[in-house]
Amino acid sequence: MRQDHLITATQLSRDDIEAVLDRAREVADDPAAYAGRHAGRVLALCFFEPSTRTRMSFDSAAKRLGIDTIGMGDVDSSSVSKGESLSDTVRVIEGYADALVLRHPSEGAATLAAEHVSVPVVNAGDGAGQHPSQTLLDLHTIRENHGLDDLTIGIMGDLKYGRTVHSLAAALTEFDANQHFISPESLRLPRSVRFDLHETGAQVREHTDLEDVLDELDVLYVTRIQKERFPDENEYHRVAGEYQIDAETLEAASDDLTVMHPLPRVDEIAPDVDETDHATYFEQAHNGIPVRMALLDTLLENAEAAEGVEVDR
Amino acid sequence: MRQDHLITATQLSRDDIEAVLDRAREVADDPAAYAGRHAGRVLALCFFEPSTRTRMSFDSAAKRLGIDTIGMGDVDSSSVSKGESLSDTVRVIEGYADALVLRHPSEGAATLAAEHVSVPVVNAGDGAGQHPSQTLLDLHTIRENHGLDDLTIGIMGDLKYGRTVHSLAAALTEFDANQHFISPESLRLPRSVRFDLHETGAQVREHTDLEDVLDELDVLYVTRIQKERFPDENEYHRVAGEYQIDAETLEAASDDLTVMHPLPRVDEIAPDVDETDHATYFEQAHNGIPVRMALLDTLLENAEAAEGVEVDR
Amino acid sequence: MRQDHLITATQLSRDDIEAVLDRAREVADDPAAYAGRHAGRVLALCFFEPSTRTRMSFDSAAKRLGIDTIGMGDVDSSSVSKGESLSDTVRVIEGYADALVLRHPSEGAATLAAEHVSVPVVNAGDGAGQHPSQTLLDLHTIRENHGLDDLTIGIMGDLKYGRTVHSLAAALTEFDANQHFISPESLRLPRSVRFDLHETGAQVREHTDLEDVLDELDVLYVTRIQKERFPDENEYHRVAGEYQIDAETLEAASDDLTVMHPLPRVDEIAPDVDETDHATYFEQAHNGIPVRMALLDTLLENAEAAEGVEVDR
């Protein structure tokens, strides 16, 4: 990957993606070889929105590479509340750190940040926009379980609002993947996303019933249907119930089916699925570490190369 | 100590306790020998409830061993508020860290966590339950000042609600300790705790007046009487006032009396006691560092041994 | 600098200041020489008030020296809310750390803390009191751009309430600096500050119009005029507008004029100034790192010397 920043998953070519995932595999196979690799570096975790798992995952990945982290603390209490612009904030923070991880409620925030600073910026979620390291860890999980080509994947749940889903679907068009989208009528993929997928020539089909396609799937990617999307609570319960799976549901699936979920889950996947060999969502979450280590390693390496810094290892 | 987790003080035998406290003594005597001993390891500080001193103490102890820490941030803003179960949360976090320290408002939370993860879990307080590292640092403080056998200790204040007190009293039954409990009638030890103590054959006596027993004591362990335990504020002030000590109170005590308090204190111990040789509560708080270092060192060593990891030192 | 703590800028002689700034220059020139210099040390960041940039700057500076940090977390939730005194809190924390950085809403808090602990204390802001590391980074920025003698500086904006300004003005009296103060009548320097400056024999003049003095200035230090200082919002807008600068304003200035601001800025400096060579406020913020590294390095070195610790480098 020859990039200065990671802002969107769509900025990544197939080669870029494979380069990061190859490195993630190396990290997972031999973490000791990466321990302390960037000792003395400092990463700023700039979370303008709450996050537990993404922040902890980047924090741990950084530390596994020997990178120290500094955080913004409680955002309400920061300079932001004094009316400082995002560009001023990141221009100050770039002086404190060798790279920035940014989560912000506004779409486009990471792009703006990357325009104003000279250190690498990683987008860890910008509103309804992108969350590319999630996409990379999803791809890594699929790749380690099935490979990314000759893949039949079903993506189920809230396909209208989920940025995770849109990024993953777009990234999969770089590979030879058969994509099935399973959702209630009211939560179908947005027209624009559907259009973009078709434009790439990707094989895309939509369903309202999981059983129509379950037995063909290598991967079932489940997402949460949120109550607040429905004006009527009864309607929510009726619809959400149809897109919940349990161990019994999966009896109709291939033995090799990999079940994924970006987490946190609520009721979409019953606890009895955890005990099956299908359950891969905790492994998926754990893959955040090698993938984010590979990502930070790559971006810092690129930044050092750009500076002409000689790095001995 | 041959344990995978530390959930309760009562899980520890006399030998277990002495092994940890011996190591704590070694750490205190030669901290440099332990510096960086677990470099490259990551500890997750999972505080689902606010805490300053316990969290900072574990954080510092970890770093003194070369262990990096990752925190959960403000809990309200975490995935917890999206309705994720505790078992899901800890199963995700175990992928980010080599051990977990957990504080949670619900009794039994640490036990539950330990059942779901394969890395060591340390209970840093679970509601009305246990807080075993506090007990260990209390024992260490007593041991370094008087030894744990042939001990006469007075425990004073709110004996009804204080988990600190119940754990300490239980742990002391492993040793040859004479325990006196001093409290107002309304805040006596709960019947069940009293019963358990008597069952062990421990020597236990209860008093309402400190002066009945003060001159016999090696250690006086003071705890706070909380206003919210009393329906009537005047009643609170009358009672609490009787269980406050100052330098004058201690004139009737042995010169060697050690005064302890789990802190924070409010009015239970007057500031003029700080200037006396009796005052040991700051030393007690500081003992959190070597004791928690010894604890983390032991648990990580046990985990490595269980994994068959060869550790060169 | 032969000090145990850094509480106020006024405690520092010209020699003290120059010693720290010389070291800051060394740090900036060769950061690698300082990396890991204090490995194994722990710094407690005790922020009893929100702060983003000061906290992150100390955090990064510490880590650049190999020092680990521990924080207090959200202050409302700390022991403080249980009524613990500041002196008890810092006496506990000194057992967890090798030095303390303290921000507190009450003037005099850092002085109190320094009286109760035996590790170095750095005041990072105590209410309307002092914020000496800000003063040092301001001085460093001036020194690196113009030198501290034969200096003509204009300080503009809210001169009544800004502690930053009062500390800087006081520190500049140690050097041969010509100080101009530019503000609306209602926000002039307090009489006591003016008096103290005159007492030192410093050259001090006050203006209401920037244009009276702009062309003479080597440095223009801009501060924010806060809306809440004005009973009437229209009055605020009228006044604040007169003390805002943009690229056009600066056409009347020397080509070498250095424009500084403690940040965050709101409207006081228009974004088009960022593109000019005058803009030095981001560099000023970034100078927090070498200056705070030099400061922590000095205080820890002094503490080690006082302990008779032999330090090999």
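Residues numbered from 1 in each chain as written. Chains lettered and ligands numbered in written order. Predicted model: local features only at pLDDT ≥ 70, side-chain atom pairs only at ≥ 80, totals over all residues. Heavy atoms only, no water.

Under an unreviewed UniProt entry, the name given to chain A is Aspartate carbamoyltransferase, and the organism recorded is Halorubrum lipolyticum DSM 21995. In its Catalytic activity (unreviewed entry) section, the UniProt entry covering chain A states "carbamoyl phosphate + L-aspartate = N-carbamoyl-L-aspartate + phosphate + H(+)". Taken verbatim from the UniProt record of chain A, the Function (unreviewed entry) comment is "Catalyzes the condensation of carbamoyl phosphate and aspartate to form carbamoyl aspartate and inorganic phosphate, the committed step in the de novo pyrimidine nucleotide biosynthesis pathway." (UniProt positions renumbered as here; feature names shortened; annotations may be inferred.)

J.: Whenever I open this one, the overall build of chain A confuses me. Can you help?
T.: Looking only at helices and strands, one finds ten helices and nine strands in chain A. Against the 2.2 N^0.38 benchmark of 20 Å for 313 residues, chain A shows a C-alpha radius of gyration of 20 Å, consistent with a compact globule. Based on the C-alpha atoms only, the size of chain A along its principal axes is roughly 55 × 45 × 40 Å. For chain A, long-range pairs separated by at least 24 residues make up 73% of all intrachain contacts whose partners lie at least 6 apart in sequence. Of the roughly 12,500 Å² of accessible surface on chain A, 41% is carried by carbon and sulfur atoms. Counting 27 positive and 60 negative side-chain charges, chain A places the centres of these two groups 5 Å from one another. (Helix = DSSP H or I, 4+ residues; strand = E, 2+ residues; numbered from the N terminus. Rg over C-alpha atoms; globule rule 2.2 N^0.38 Å. Contact = heavy atoms within 4.5 Å. Areas by Shrake-Rupley, 256 points an atom, 1.4 Å probe, with all protein chains shown as cover. Lys, Arg positive; Asp, Glu negative; His and termini not counted. Charge placed at Lys NZ, Arg CZ, Asp CG, Glu CD.)

J.: Whenever I open this one, the domain arrangement of chain A confuses me. Can you help?
T.: For an interface, size is often stated in terms of accessible area lost upon the parts coming together. All names here are of chain A. Along its sequence, chain A is carved into domain 1 (9-130 + 287-307) and domain 2 (132-285). Computed over C-alpha atoms only, the centres of domain 1 and domain 2 are separated by 27 Å. Across the contact, 27 residues belong to domain 1 and 24 residues belong to domain 2. Taken together, the links from domain 1 to domain 2 amount to three salt bridges. We note a salt bridge from Glu-144 to Arg-25, for which the minimum N-O separation is 3.0 Å. (Domains from an automatic or database assignment. Salt bridge = Lys/Arg side-chain N within 4 Å of Asp/Glu carboxyl O.)

J.: What is the right way to look at the relation of the copies chain C and chain B in this model?
T.: Applying a rotation about an axis and a shift along it to one chain copy brings it onto the other copy. Each copy of the sequence occupies a distinct position, and chain C is placed on chain B by a rotation of 120 degrees and an axial shift of 0.1 Å, giving an RMSD of 0.0 Å. Taken together, the rotation angle and the small translation identify this as a three-fold axis. Different-surface contact between copies: only 4% of interface residues of chain C are shared with the interface of chain B. (Least-squares fit on C-alpha atoms with pLDDT ≥ 70 in both.)

J.: I would appreciate a short explanation of the nonpolar core in the present structure.
T.: Most often, soluble globular proteins have nonpolar side chains that are buried together. In terms of nonpolar packing, the biggest core is built from 103 residues, with Leu-136, Leu-220 and Ile-245 of chain B touching the most fellow members. A per-element tally of this core places helix 10 (residues 288-307) of chain B first, with eight residues. (Core = buried A, V, L, I, M, F, W, Y, C linked by side-chain atoms within 4.5 Å. Buried < 20%, exposed > 50% of the residue type's maximum accessible area, 1.4 Å probe, protein only.)

J.: What should I look at first to understand the interface of chain C and chain A in this one?
T.: Contacts between the two partners involve 22 residues from chain C and, on the opposite side, 24 residues from chain A. For the pair chain C and chain A, the two sides together bury roughly 2,000 Å², of which 53% comes from carbon and sulfur. Considering only the side of chain C, the residues that lose the most area to chain A are Met-56, Lys-63 and Arg-64 of chain C, jointly responsible for 28% of the buried surface there. The interface formed by chain C and chain A includes four salt bridges. (Buried area = accessible area lost by both parts, 1.4 Å probe.)

J.: Sorry, what's going on with the packing of helix 2 (residues 53-64) of chain C against helix 10 (residues 288-307) of chain C here?
T.: To characterise two packed helices, one gives the angle between the axes of the helices and the distance between these axes. Residues and elements named next belong to chain C. Two numbers describe how helix 2 lies on helix 10: the axes approach to 8 Å, and their chain directions differ by 60 degrees. The angle between helix 2 and helix 10 falls in the class oblique. The crossing of helix 2 and helix 10 is right-handed. Within the contact between the two elements, helix 2 uses Thr-54, Ser-57, Phe-58, Ser-60, Ala-61, Ala-62 and Arg-64 and helix 10 uses Gly-288, Ile-289, Arg-292, Met-293 and Leu-296. (Axes fitted to C-alpha atoms, helices over the stretch in contact; angles between N-to-C directions. Parallel < 35°, antiparallel > 145°, perpendicular 65-115°, else oblique. Left-handed = near helix turned anticlockwise from the far one by under 90°.)

J.: Even after reading the chapter, I still don't get the pattern of salt bridges, so can you show me in this structure?
T.: Opposite charge on two side chains permits pairing when their charged atoms draw close. Evaluated as defined, the whole model comprises 67 salt bridges over all chains. Ionic pairing is found between Arg-41 of chain B and Glu-304 of chain B, a salt bridge with its closest N-O pair at 3.2 Å. Remark: Glu-304 of chain B occurs in helix 10 and Arg-41 of chain B occurs in the loop between helix 1 (14-29) and strand 1 (42-47); sequence separation between them is 263 residues. Taking relative accessible area as the criterion, Arg-41 of chain B reaches 23% and is therefore assigned partly exposed. Ionic pairing is found between Arg-238 of chain B and Glu-242 of chain B, a salt bridge with its closest N-O pair at 3.2 Å. A residue pair is termed a helical-turn pair when its members lie 3 or 4 positions apart in one helix, as Arg-238 of chain B and Glu-242 of chain B do in helix 8 (residues 233-242) at four residues. Given the relative accessible area of 49%, Arg-238 of chain B is considered partly exposed. One network of salt bridges, with partners in common, ties together Arg-23, Arg-37, Asp-297 and Glu-301 of chain A.

J.: What should I look at first to understand empty space enclosed by the protein in this one?
T.: Residues and elements named next belong to chain A. Following the criterion strictly, the structure yields six cavities of 30 Å³ or more and no others. The volume enclosed by the largest cavity comes to roughly 90 Å³. Residue lining of the largest cavity: 13 residues in total, with Arg-53, Gln-134, Leu-137, Pro-262 and Ala-285 positioned closest to the centre. Elements that contribute at least two residues to the lining of the largest cavity include exactly helix 2 (53-64), helix 5 (132-145) and helix 9 (281-286). Of the residues contributing to the lining of the largest cavity, the split by class is six nonpolar, five polar and two charged. Residue-level mapping places the lining of the largest cavity at the junction of two domains, with at least three residues from each of domain 1 (9-130 + 287-307) and domain 2 (132-285). (1 Å grid on protein atoms, 1.4 Å probe; cavity = no way out; pocket = protein on both sides within 12 Å on 5 of 7 lines; lining within 4 Å. Points joined across faces, edges and corners; volume = space filled by probe spheres on them. Nonpolar A, V, L, I, M, F, W, Y, C, P; charged D, E, K, R; others polar.)

J.: Would you explain the relation of the copies chain C and chain A in this entry?
T.: Take chain C, turn it by 120 degrees, move it 0.0 Å along the axis, and it overlays chain A with an RMSD of 0.0 Å. A share of only 5% of the interface residues of chain C reappears at the interface of chain A, consistent with the copies meeting through non-equivalent patches.

J.: Honestly, the pairing of strand 4 (residues 121-126) of chain B in this entry has me stumped. Any pointers?
T.: The two faces of the sheet receive side chains in turn, since in a regular strand these alternate between them. When you tally the buried positions in strand 4 of chain B, you get six out of six residues, the bulk of the element. The β-α-β motif built from strand 3 (residues 99-104) of chain B, the intervening helix 4 (residues 109-116) of chain B and the parallel element strand 4 of chain B has right-handed crossover chirality. (Right-handed = clockwise from strand over helix to strand, strands pointing away.)

J.: What exactly am I supposed to notice about the sheet that holds strand 2 (residues 68-71) of chain B here?
T.: Strand pairing in a sheet takes place through backbone hydrogen bonds and is either antiparallel or parallel in direction. The strand order across the open sheet built from four strands is 2-1-3-4 (chain B), with neighbouring strands paired in parallel fashion. One side of each edge strand has no neighbouring strand; the edge strands of this open sheet are strand 2 and strand 4 of chain B. Neighbour-to-neighbour, the strand axes of the sheet open up by a mean angle of 15 degrees, direction not taken into account. When strand 1 of chain B meets strand 2 of chain B, the two strands line up parallel, connected through four bridges. Bridge pairing links Leu-43 of chain B to Thr-69 of chain B in strand 2 of chain B. Where helix 2 of chain A meets the sheet, it contacts strand 1 and strand 2 of chain B, and its direction lies at approximately 170 degrees from that of strand 2 of chain B. (Pairing = 2+ DSSP bridges.)

J.: Where do I start with the interface of chain C and chain B in this structure?
T.: Facing 24 residues of chain C, the contacting portion of chain B comprises 22 residues. Surface buried jointly by chain C and chain B totals about 2,000 Å² across both partners, of which 53% is contributed by carbon and sulfur atoms. For the pair chain C and chain B, the number of links is four salt bridges. Its salt-bridge partner being Asp-98 of chain C, residue Arg-64 of chain B comes within 2.9 Å of it at the nearest N-O pair. Across the contact surface, chain C and chain B share twelve residue pairs in polar contact (both at pLDDT 80 or more). When contributions to the side of chain C that touches chain B are tallied by element, the ones reaching two or more residues are strand 1 (42-47), strand 2 (68-71) and helix 3 (86-93) of chain C. Tallied by class, residues from the side of chain C that touches chain B come to eight nonpolar, eight polar and eight charged. (Polar contact = N/O pair within 3.5 Å; in protein donor to acceptor, adjacent residues only side chain to side chain.)

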